[in-house]
Amino acid sequence: MGYQPIENYGIIGNMRTVALVGMNGSIDWYCSPHFDSPSVFGAILDDEKGGRFQIVPVAERVKSRQFYWPSTNILVTRFLHEDGITELEDFMPVGLPPDSKWYHHLYRRIRCVRGTVKIRMVCRPAFDYGRVAHEVKLQPHGATFVAGKQSLHLCCGQTLRRGEDGSVVAEVVLEEGKSQVFTLSDEQAGGDVPCPASEEEGEELFQQTVKFWHRWLSKCTYKGRWRERVERSALVLKLLTFDPTGAIIAAPTTSLPEVIGGPRNWDYRYTWLRDAAFTVYAFVRIGFTEEAAGFVKWMQDYPAKNTPATEKIPAMFSIYGASELPEQELKHWEGYKKSGPVRIGNAAYKQFQSDVYGEVLDSLYLYNKYVLPIGYDFWTRIRHRLDWVCEKWKEPDEGIWEMRNRAEHFVYSKLMNWVALDRGVRLADKRSLPADRERWIGERDKIYEEVMTKGWNEKRRAFTQFYGSEDLDASVLIMPLVFFMTPSDPRMVSTIKAIMKSPKEGGLVSDGLVYRYPPDPRVDGLPGEEGTFNMCSFWLVEAMTRAGMADPEMLDQARLLFERMLGYSNHLGLYAEQTSWRGEALGNFPQAFTHLALISAAFNLDRNLDGKKIVS
């Protein structure tokens, strides 16, 4: 069939797992029952062997369009051709009792809107990343796919026939106004094949799901210029939360390449403390406090309890709190557009990434300020961590970009160690909590002075990637965002201007898109030039927005850059991790980092344009 562009996909989910649905009506990525479970459909990573679930009209010259049912995560794909028009509705039911069987269902309904249309359904799973063969059992109203102890039940109320390579096929003629429902459920739905959803039951599930998303989105307090984009980003972030534990994953996919044909392919289906803490900031900013509370509870139940205070906190965990995520390659899959290797697990869990203390403490500070006060027992564990930061901040680490070729004294890591101690002091003072204030303040101030002396490169007139480096790094754009320094400080303004130059001039910006560091293999030791990093582009917007409080021209530039970035989303307002020099999506999709940075940039850009003070 061939690979679709990454940006051709939409996402549906139920806060337990997701599915990626292409504009051709094909589900090409779906892990069951959870985000980090083995895939059942993985055609996005191997077009021939990955498995897919496609519903599409049988016609030539079919045009397709996609949109979300307003203010929901229900995806609608419209097919337009000479025989008529059909609409495919895809969603996973939500807003139901926790033990509802429908949480294990993927729901697809195709309707004939105009004319008379023949549609074709092909379902070919590939269990356990295509490593386990399955058998097919046909039933009067569907089929069951059995692979060892795992099974999938496909129900449609139609007679199915066996296809090639363990698939089942159905062809149905729909007249105008008629529809056909398909449901897919995993093995937890029960031992017997569930009856197909009736039209009435399916409509009830649809309406319940619509109401759930409308109720949830009604809590959003953002009413600014880019309300629709902010709400779509919030809906994406909600899909990336794991409701049973409160964990927040970085992205729902693995191994979508940062370089086509290259090896920069990583598994992001886990909870990075850094990414999740930033997501808490975005949620709190626009009124979603329950998600922030859920994540803090997850931190207390898992990372805080499972990691001794005398050891480093791993940068990432599984959705159930496992801190070891061994990395392996799936050699039998070719990868997206032959961009191997395909990896599951992530060896970065072994790394020392000291910046995570800053992001986590910042999120806890905001939680304490806007959601609920921090309890004493949790504060005791926080105190131990801050004492640990006082002892370890001088050590090199692998940094926010998870360098696999070396450790350095990264400026961003030192900065976030400063944030950790600063927020710890603020928390203690806000609540009059017991703390070693003198030590924390002393070490915090030492970090500040060191960053200003060793992190600043006089030749470049900018803060650079690590001590002694002449390379720029977009991560330092966060300095004014975390109130390390005033956004109008001459050093910060000079750094922004240096970054805004093109890579040929030593900068990091190309048409408003920002590389996270110089696009040169020598920097991270990996071959191939990756794309621009979408989160960094929004960080630049926000840094310029804050500097615009003293320089109206920079504020105008920030707004223009923001509008340009909006033009790089896909047709649904979704972003991958990176954007190629040709404007194509690269990396895992959709990416929490990008969407949370969009929310923050929109929030603060609005406030500045309205002449309001930007708050912490």
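Chains are numbered independently. Their residues run from 1 in the order of the written sequence. Given that the model is predicted, a residue must reach a pLDDT of at least 70 before its local features are reported, and side-chain atom pairs must reach 80 or more before they are shown or counted; all residues, however, enter totals for whole chains, interfaces and linings. The side-chain quantities take in all heavy atoms of the structure and omit both hydrogens and water.

**Side note on unusual backbone geometry**
- Across the junction of Ser32 and Pro33, the peptide omega takes the value 10°, indicating a cis bond.
- Looking at where Pro33 falls in the secondary structure, it is placed in the loop between β3 (26-31) and β4 (39-41).
- Of note, the amide linkage connecting Gly340 to Pro341 takes the cis form, showing an omega dihedral of 0°.
- For the purposes of this entry, the term helix denotes a DSSP run of H or I that reaches at least four residues, the term strand denotes a run of E that reaches at least two, and both are numbered from the N terminus. Among the structural elements, Pro341 can be located in the loop between β20 (328-329) and β21 (343-344).

**Overview of the packing of aromatic side chains**
- Think of it this way: a Phe, Tyr or Trp ring, Trp meaning its six-membered ring, pairs with another when their centres are within 6.5 Å, and the plane angle makes it stacked under 30 degrees, edge-to-face over 60, tilted otherwise. Applying the stated criterion across every chain, the model contains 34 aromatic pairs.
- Note on Phe91 and Tyr107: the rings are 4.5 Å apart at their centroids and 40° apart in plane angle, and the pair reads as tilted. On the criterion of sequence distance, the pair formed by Phe91 in strand β8 (residues 84-91) and Tyr107 in strand β9 (residues 105-124) is long-range, its members being 16 residues apart.
- Buried residues are those whose accessible area, probed at 1.4 Å on protein chains only, stays under 20% of the maximum for their type, while exposed residues exceed 50% and partly exposed ones sit between those limits. With a relative accessible area of 1%, Phe91 lands in the buried category.
- Linked through ring pairs, Phe212, Trp213, Trp216, Phe283 and Phe288 together constitute an aromatic cluster.

**A look at the environment of Leu427**
- Structurally, Leu427 can be placed in helix α9 (residues 411-431).
- Assessed through its relative accessible area of 0%, Leu427 is described here as buried.
- Distance in space between the C-alpha atoms of Leu427 and Val181 is 53 Å, their sequence separation being 246 residues.

**Re the pattern of salt bridges**
- Each salt bridge in this description consists of a side-chain nitrogen of Lys or Arg and a carboxyl oxygen of Asp or Glu lying within 4 Å of one another. Applying the stated criterion across every chain, the model contains 45 salt bridges.
- For the salt bridge of Glu470 with Lys459, the shortest nitrogen-to-oxygen distance reads 3.6 Å. Within this pair, whereas Glu470 is found in the loop between β23 (462-463) and α11 (490-499), its partner Lys459 is found in the loop between β22 (456-457) and β23, the two being separated by eleven residues in sequence.
- Exposure remark for Lys459: the relative accessible area of 65% places this residue in the exposed category.
- A salt bridge links Glu530 to Arg516; the nearest nitrogen and oxygen atoms lie 2.7 Å apart. Taken together, the residues Glu530 in the loop between α12 (521-524) and β26 (532-533) and Arg516 in the loop between β25 (513-514) and α12 connect sequence positions 14 residues apart.

**Some thoughts on helix α10 (residues 437-454)**
- Over its 18 residues, α10 extends 25 Å from the first C-alpha to the last, a length consistent with the 26 Å expected when each residue adds 1.5 Å.
- All of the buried residues along α10 are Trp440, Glu443, Arg444, Ile447, Glu450, Val451 and Met452.
- On its buried side, α10 packs onto α8 (376-392), α9, β22, β23 and α11. Given the number of residues in a helix, its expected span is that number minus one, multiplied by 1.5 Å. In this analysis, two residues are considered to be in contact whenever any of their non-hydrogen atoms come within 4.5 Å of each other.

**Observations concerning the environment of Val40**
- Within the fold, Val40 resides in strand β4.
- Residue class for Val40 comes out buried when judged on its relative accessible area of 0%.
- When the C-alpha positions of Val40 and Gly50 are compared, they lie 8.1 Å apart, and in sequence the two are ten residues distant.
- Setting aside anything within four residues of it in sequence, one finds Val40 in contact with Tyr30, Cys31, Ser32, Gly50, Pro125, Ala126, Phe127, Gln150 and Leu152.

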